Amino acid sequence: MKKKSIKKNQDSVFERLHQAFTNGTFRGICGEAKIWLIEKKLDAKVCGAGYNSNQFHTRNRELIPELLQTGFLWEKGQSKYDTKGYTSFGARQVMFALKDENNNVVNFCSVDMNTGKHSFLNVEGIYPGYPAGKTTRLFLVVSVMDAATILCSGVLKEYDAVMAIGSQELKEMHQEAIKRLPHLKDVYHIISLKSLYQ
């Protein structure tokens, strides 16, 4: 019973984090992230990009124990603002949410705006999410940035989907996601789109 409650709370806190990240981006709170997204030709509303200002825990102090438990937050010593200082995963970076088969946010990918390095909070979830059951064409790409680029390019048709797989090989969760597509006809494996967004 306790495990279910923790999992439910984790889902809830990740959803709240994602909402905070995307709200900040849409309202233009972080000019640097907004400029970066424009330079990369990414529409935050289409690809679900957000920005982690590293402030969520200061406005939601009651969630600090849960954030520590999930590994999203960790102590970094004393701070003039906190009794204990904290920092968060993907602080001051662009954030993308990975989702489970029920469309719940279960993971985050942070992209460093200076280096382009991708980091993941954990090993769960798929970006931008599990493909819809009606998918007929599926595009497999290695990175979250590749998937976001395809999402924002306008090339996907009604029954197309894209899935970032994180490597050249399919993991079990990706294989399971593909098996759930009864109408799938074509799968395209795109090695890299880096030249389009570097």
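Residues numbered from 1 in each chain as written. Predicted model: local features only at pLDDT ≥ 70, side-chain atom pairs only at ≥ 80, totals over all residues. Heavy atoms only, no water.

K.L.:
Mind showing me how you'd approach the environment of F139 here?
P.N.:
Mapped onto the elements of the fold, F139 is located in strand β7 (residues 137–141). Look at F139 and you get buried, because its relative accessible area is 13%. Taking the C-alpha atoms as reference, F139 lies 6.3 Å from M163; in sequence the two are 24 residues apart. The contacts of F139, once residues within four sequence positions are left out, are I150, L156, D160, A161, V162, M163, Y188 and I190. (Helix = DSSP H or I, 4+ residues; strand = E, 2+ residues; numbered from the N terminus. Buried < 20%, exposed > 50% of the residue type's maximum accessible area, 1.4 Å probe, protein only. Contact = heavy atoms within 4.5 Å.)

K.L.:
I'm lost on the packing of aromatic side chains in this one. Help?
P.N.:
Think of a pair of aromatic rings as described by two things: how far the centres are apart, and how the planes are tilted against each other in angle. In this structure the tally under the stated criterion is seven aromatic pairs. Ring centres 5.5 Å apart and planes at 75° place the aromatic pair F96 and Y127 in the edge-to-face group. Note that F96 is positioned in strand β4 (residues 94–99) and Y127 in the loop between β6 (118–120) and β7, a separation of 31 residues in sequence. F96 sits in the buried class, given a relative accessible area of 0%. Both rings, one in F139 and one in Y188, keep their centres 5.1 Å apart while their planes meet at 20°; by these two values the pair is stacked. Residue F139 is found in strand β7, and its partner Y188 is found in strand β9 (residues 186–190); the two are separated by 49 residues along the sequence. Ring pairs connect the aromatic residues F14, F21, F72, F89 and F108, which therefore count as one cluster. (Phe/Tyr/Trp six-rings, centres within 6.5 Å; stacked < 30°, edge-to-face > 60°.)

K.L.:
Before we go on, may I ask you to explain helix α7 (residues 172–179) in this structure?
P.N.:
Residue pairs three or four apart in sequence face the same way in an α-helix, which turns once every 3.6 residues. Within α7, burial applies to H174, A177 and I178. Taken down its axis, α7 places every buried residue within 95° of arc, on the same side. The outward face of α7, more than 90 degrees from its buried face, is lined by the exposed residues E172 and K179. Contacts made by the buried residues of α7 are with β7 and β8 (160–164). (Arc of directions from axis to C-beta.)

K.L.:
Got a minute to help me understand the sheet that holds strand β1 (residues 50–51) in this structure?
P.N.:
Across a sheet, paired strands are connected by hydrogen bonds in the backbone, their directions being either parallel or antiparallel. Reading across the sheet, the four strands line up as β1-β4-β5-β6 and stay open at both edges, with antiparallel pairing between neighbours. Here the strands that pair on one side only, and so sit at the sheet edges, are β1 and β6. Both β4 and strand β5 (residues 105–111) contribute to a ladder of six bridges, which runs antiparallel. Residue pairing in the sheet places A97 in a bridge with F108 of β5. (Pairing = 2+ DSSP bridges.)

K.L.:
Got a minute to help me understand the pattern of salt bridges in this structure?
P.N.:
Side-chain pairing between opposite charges can occur once the charged atoms of the two side chains come close. Per the counting criterion, the structure on display carries three salt bridges. Across the salt bridge formed by D160 and R137, the nearest N and O atoms sit 2.6 Å from each other. Residue D160 is located in strand β8, and its partner R137 is located in strand β7; the two are separated by 23 residues in the primary sequence. For D160, a relative accessible area of 12% translates into the label buried. (Salt bridge = Lys/Arg side-chain N within 4 Å of Asp/Glu carboxyl O.)

Shape descriptors only; they carry no functional weight alone.
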